[in-house]
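An overview of the molecular structure
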Amino acid sequence: MPTADISASGMSDTGQAPVDDSSQRRWEEMLGSLTALLPAGCLRVRVDGPAERASLFASRLADKLAAERHPGPARVTLDADGASDVVVFLRTAPGGRHFPVYEKDSTEQAVRDRREREERADIVVDLHDVDWPVIRRVAAPLAARG
């Protein structure tokens, strides 16, 4: 996974807004709800999940934070080893299963590791359908914010 922070400028081709208006509204709604959950002092949000989906999500989240947060947005990162105030875990298949992107890493230990990362995450987002992201779980301290 890349270790660089995701900037809010210039989205990649995979980060472009969906063509479908309902999908674009859904992303806006979900990202609005997610950013409202972030504490005021949040400086860094880490996105954890399959590289392509995590990059897409991180890019859109960085843009949303840049548009809403002043004087400066929280940084969005994919760096698994870096510090973070909030971790967002992306589930990429219904029911917490994972698509073939993880087949090469389907050992029992790898499955346990993914489950543990999901359980430790502050926010879990279902992203098996990139046109319809859904916040599935929010840790109690953040949920108290709204």
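Before reading further, recall that the structure is shown in the block above.
None of these values were measured; they are calculated from a predicted model. (Residues numbered from 1 in each chain as written. Predicted model: local features only at pLDDT ≥ 70, side-chain atom pairs only at ≥ 80, totals over all residues. Heavy atoms only, no water.)

Here's the deal with the overall build of the protein
- The helix and strand inventory of the protein stands at 4 helices and 6 strands.
- What you see in the protein, going N to C, is helices and strands ordered as β-α-β-α-β-β-α-β-β-α.
- Burial status across the protein gives 38% buried among its 146 residues.
- Of the contacts made within the protein by residues no fewer than 6 positions apart, 77% connect residues no fewer than 24 positions apart.
- When the accessible area of the protein is evaluated, it comes to approximately 8000 Å², of which 50% is carbon and sulfur surface. (Helix = DSSP H or I, 4+ residues; strand = E, 2+ residues; numbered from the N terminus. Buried < 20%, exposed > 50% of the residue type's maximum accessible area, 1.4 Å probe, protein only. Contact = heavy atoms within 4.5 Å. Areas by Shrake-Rupley, 256 points an atom, 1.4 Å probe, with all protein chains shown as cover.)

Details of the pattern of salt bridges
- Inspection of every chain in the model, using the stated rule, returns 8 salt bridges.
- For the salt bridge of D126 with R136, the shortest nitrogen-to-oxygen distance reads 2.5 Å. In this pair, D126 sits in strand β5 (residues 123–126) while R136 sits in strand β6 (residues 134–138), placing the two residues 10 residues apart along the sequence.
- Residue classification places R136 among the partly exposed positions, given a relative accessible area of 49%.
- Salt bridges linked by common partners bring R91, E118, D126 and R136 together as one network. (Salt bridge = Lys/Arg side-chain N within 4 Å of Asp/Glu carboxyl O.)

Comments concerning the packing of aromatic side chains
- All told, the structure shown has 1 aromatic pair when counted by the stated rule.
- Arranged with centres 5.9 Å apart and planes meeting at 50°, the rings of W27 and F57 form a pair that is tilted. Residue W27 is found in helix α1 (residues 21–37), and its partner F57 is found in helix α2 (residues 51–68); the two are separated by 30 residues along the sequence.
- Its relative accessible area of 0% is what places F57 among the buried residues.
- Residue placement shows R60 over the ring face of W27; its charged tip is 4.2 Å from the ring centre. (Phe/Tyr/Trp six-rings, centres within 6.5 Å; stacked < 30°, edge-to-face > 60°. Lys NZ or Arg CZ within 6 Å of the ring centre and 35° of its normal.)

Thoughts on the side chain of R91
- In this fold, R91 is placed in strand β4 (residues 86–91).
- According to the relative accessible area criterion, R91 is buried, its value standing at 16%.
- Of note is the side chain of R91, whose polar atom sits 3.2 Å from the side chain of E118. (Polar contact = N/O pair within 3.5 Å; in protein donor to acceptor, adjacent residues only side chain to side chain.)

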